[in-house]
Amino acid sequence: MTPDRNGAFEIVAREDYSDVTYMLEIRHPMMAKAAKAGQFVIVMEHEHGERIPLTLADFDAAKGTITLVIQAVGKTTREMQQNCRVGTSLHAVVGPMGIPSHIGAAKKVMCVGGGLGVAPVFPQARAYARSGAEVYGVLGFRNQDVMFWEDRFRSVCDEVVVCTDDGSAGIKGLVTKGMEQVLAAHPDIDEVIAIGPPIMMKACAEVTRPRGIRTVVSLNPVMVDGTGMCGGCRVKIGEGIKFACVDGPDFDGHQVDFDDLMARLGRFKPTEQEALKKWEESCRLGGAEVGPADRE
């Protein structure tokens, strides 16, 4: 870690993509130089804050910054949404962690992002484009109002297919519909990288399974230490157990037990909801305004 002279990590840019999704660009020169596609960081907003894992959405060695795209769904991410502004700082940023994505010799690659997963799949799309591969992007959103980064993908992809649940932009339907469209035109796709909610990644793997297309997914289960010690991020891969923090976060999508992953994630929901409720109550008692995202 290389904190600024005040001992923290300065936020130099912020952009809000919807009432729950926001981007933070953080000054961290050493990490910006070391980071590779697929890796993640663990951040703490303040000294007594929760440690949360966030996949790197971008990094720029020349600028000395890393970029995170965050969805305000729990106590900590909503607290960060309220407090993290340009000029403020994060208490800790640890990383880059995890095994970098393997950018192989594939000639045709499809990068699929669903919702928040659009951000972390961008570095893979860019890395494959720089390797000389043809890259096809499939981006899925609820509607046109919450779309982001389409322009970034068009700058590195040979073709981009946008899917929205309501048909307000691109084609109406899930990302699997966009995948089918790309595969119909390019049946010789060598590899698919899919990042998004577990149920979406599972559906993507089922599209490619009968075609025998290598499919890589990025898993982001609950983590505490990020070193494989706590065991919170264990996932079933084939017949074995792996830890997303040290063995991943990339795994063979055809080997991931998504049902077990989703069941494990569900076990933490009551605790997360209780923490969120207490934080919202403290905000009201303290006179802080609770935004739209906090009332969902």
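Residues numbered from 1 in each chain as written. Predicted model: local features only at pLDDT ≥ 70, side-chain atom pairs only at ≥ 80, totals over all residues. Heavy atoms only, no water.

K.L.:
I'd like a rundown of unusual backbone geometry, residues and numbers included.
P.N.:
Of note, the amide linkage connecting Gly95 to Pro96 takes the cis form, showing an omega dihedral of 0°. Note on placement: Pro96 falls in strand E8 (residues 92-97). Positive phi, close to 65°, is recorded for Trp149, a residue that is not glycine. Within the secondary structure layout, Trp149 lies in the loop between strand E10 (134-141) and helix H4 (150-156). (Helix = DSSP H or I, 4+ residues; strand = E, 2+ residues; numbered from the N terminus.)

K.L.:
Run through the sheet that holds strand E7 (residues 89-90), naming residues and quoting values.
P.N.:
Within a beta sheet, neighbouring strands are joined by backbone hydrogen bonds and run either parallel or antiparallel to one another. Reading across from one edge, E5-E6-E2-E1-E7 is the order of the five strands in this open sheet, with antiparallel pairing throughout. At either margin of the open sheet sits one strand with a lone partner, and together these are strand E5 (58-60) and E7. Across two bridges, strand E1 (residues 9-16) lies against E7 in antiparallel orientation. Bridge pairing in E7 links Glu10 to Ser89. The strands that helix H2 (residues 75-83) touches are E1, strand E2 (21-27), strand E6 (65-71) and E7; relative to E2, the one it contacts most, it runs at about 70°. (Pairing = 2+ DSSP bridges. Contact = heavy atoms within 4.5 Å. Axes fitted to C-alpha atoms, helices over the stretch in contact; angles between N-to-C directions.)

K.L.:
Give a detailed account of the pattern of salt bridges, specifying residues and quantitative values.
P.N.:
In the structure shown here, the tally under the stated rule is 12 salt bridges. Linking Asp16 and Arg14 is a salt bridge whose minimum nitrogen-to-oxygen distance equals 2.8 Å. A relative accessible area of 41% places Asp16 in the partly exposed class. Of the charged contacts in the structure, one is a salt bridge between Glu180 and Arg211, with a shortest N-O distance of 2.8 Å. Placement of the pair is Glu180 in helix H5 (residues 175-185) and Arg211 in the loop between helix H6 (198-208) and strand E14 (214-218), with a sequence separation of 31 residues. Glu180 gets classed as partly exposed once you look at its relative accessible area, which sits at 35%. Taking relative accessible area as the criterion, Arg211 reaches 41% and is therefore assigned partly exposed. Here the salt bridges do not stand alone but share partners, grouping Asp58, Arg126 and Arg152 into one network. (Salt bridge = Lys/Arg side-chain N within 4 Å of Asp/Glu carboxyl O. Buried < 20%, exposed > 50% of the residue type's maximum accessible area, 1.4 Å probe, protein only.)

K.L.:
I'd like a rundown of H5, residues and numbers included.
P.N.:
The set of residues buried in H5 consists of Val175, Thr176, Gly178, Met179, Val182 and Leu183. For H5, the angular spread of buried residues about the axis comes to 155°, placing them on one side. For H5, exposure combined with an orientation more than 90 degrees from the buried face picks out Ala184 and Ala185. Those residues of H5 that are buried lie in contact with strand E9 (108-114), E10, strand E11 (159-164), strand E12 (171-172), strand E13 (191-195) and H6. (Arc of directions from axis to C-beta.)

K.L.:
Lay out the side chain of His186 with the relevant residues and their values.
P.N.:
By secondary structure assignment, the location of His186 is in the loop between H5 and E13. With residues near it in sequence (within four places) discarded, His186 still touches Lys108, Tyr136 and Glu159.

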